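Below are the chains, spelled out letter by letter.
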Amino acid sequence: MDSPSHQPQRRAVPLASRADVRRAVHGIILRVLRNSLAREQRRRASDGSDSSSDSTPTPPTRRLSEVQRRKALQRSRFYEDVLYRRASSVEEYSDPSTLVERVFKVGRSVCLASQRRCQESRRGRRSSSSSQAHSHRSSDPCARRSRSF
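Residues numbered from 1 in each chain as written. Predicted model: local features only at pLDDT ≥ 70, side-chain atom pairs only at ≥ 80, totals over all residues. Heavy atoms only, no water.

### As for the overall build of the protein chain
And then number 1: Counting its regular elements, the protein chain contains five helices and zero strands.
And then number 2: For the protein chain, the succession of helices and strands along the chain, N to C, is α-α-α-α-α.
And then number 3: Across the 149 residues in the protein chain, those meeting the buried criterion constitute 21%.
And then number 4: Accessible surface computed for the protein chain: about 11500 Å², of which carbon and sulfur atoms make up 50%. (Helix = DSSP H or I, 4+ residues; strand = E, 2+ residues; numbered from the N terminus. Buried < 20%, exposed > 50% of the residue type's maximum accessible area, 1.4 Å probe, protein only. Areas by Shrake-Rupley, 256 points an atom, 1.4 Å probe, with all protein chains shown as cover.)

### With respect to the packing of helix 1 (residues 18-47) against helix 2 (residues 66-86)
And then number 1: For the pair helix 1 and helix 2, interaxial distance at closest approach is 8 Å and the crossing angle is 130 degrees. When the interaxial angle is binned, helix 1 and helix 2 end up oblique. The chirality of how helix 1 crosses helix 2 is right-handed. Along its contact with helix 1, which presents R18, V21, R22, V25, H26, I29, L30 and L33, the element helix 2 presents Q68, R69, A72, L73, R75, S76, R77, Y79, E80, D81, L83 and Y84. (Axes fitted to C-alpha atoms, helices over the stretch in contact; angles between N-to-C directions. Parallel < 35°, antiparallel > 145°, perpendicular 65-115°, else oblique. Left-handed = near helix turned anticlockwise from the far one by under 90°. Contact = heavy atoms within 4.5 Å.)

### As for the confidence of the model for the protein chain
And then number 1: Across the protein chain, the average pLDDT comes to 76, with 67% of residues at or above 70.
And then number 2: Mean pLDDT across the elements of the protein chain ranges from a minimum in helix 5 (residues 130-136), with 50, to a maximum in helix 2, with 91.
And then number 3: Here residues 1-5 is modelled with pLDDT under 50, and outside its nearest four sequence neighbours on either side it reaches one contact, counting other chains as well. (pLDDT = per-residue confidence, 0-100.)

### Concerning the pattern of salt bridges
And then number 1: Evaluated as defined, the whole model comprises ten salt bridges.
And then number 2: Of the charged contacts, one joins E66 and R69 as a salt bridge, the two residues approaching to 2.7 Å between their closest N and O atoms. Highlighted residues: E66 and R69, both in helix 2, separated by three residues, approximately one helical turn.
And then number 3: Using a relative accessible area of 36% as the deciding quantity, one classes R69 as partly exposed.
And then number 4: Here K105 ties to E101 by a salt bridge, and the two come within 3.4 Å at their closest N and O atoms. One end of the pair, K105, and the other, E101, are both in helix 4 (residues 99-126), four residues apart, so they sit about a helical turn from each other. (Salt bridge = Lys/Arg side-chain N within 4 Å of Asp/Glu carboxyl O.)

Below is the structure:
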């Protein structure tokens, strides 16, 4: 009888379709958002900046708002499309064992591209007069960045 160490490793079953991959990516993104929301709520509770007047800490709520869920769905569609376009083969694209890593790589590259665009737009504004640059600060799209990914 074979011992467990001598048994061949089971490979993860490839995801069958783009819809399956998109659902898996959406699940990953939702998990990341829920974890960051819970972390933020725990941080606020430990800082005492929570609006509740009780002295007992409330457990973190792991529910996302409708806006957050809609943005997560949009992001998962975008990330899945990027994964599809970057994959060199169907097997690579549908491999669930590397999906989490690939989603995080896409997230980092999207974040870096966004930061690059912000830096370029700031450089362009520096060349304009200071009064015009001051009026653009309130509409700066780079002033508020997403912390997930």
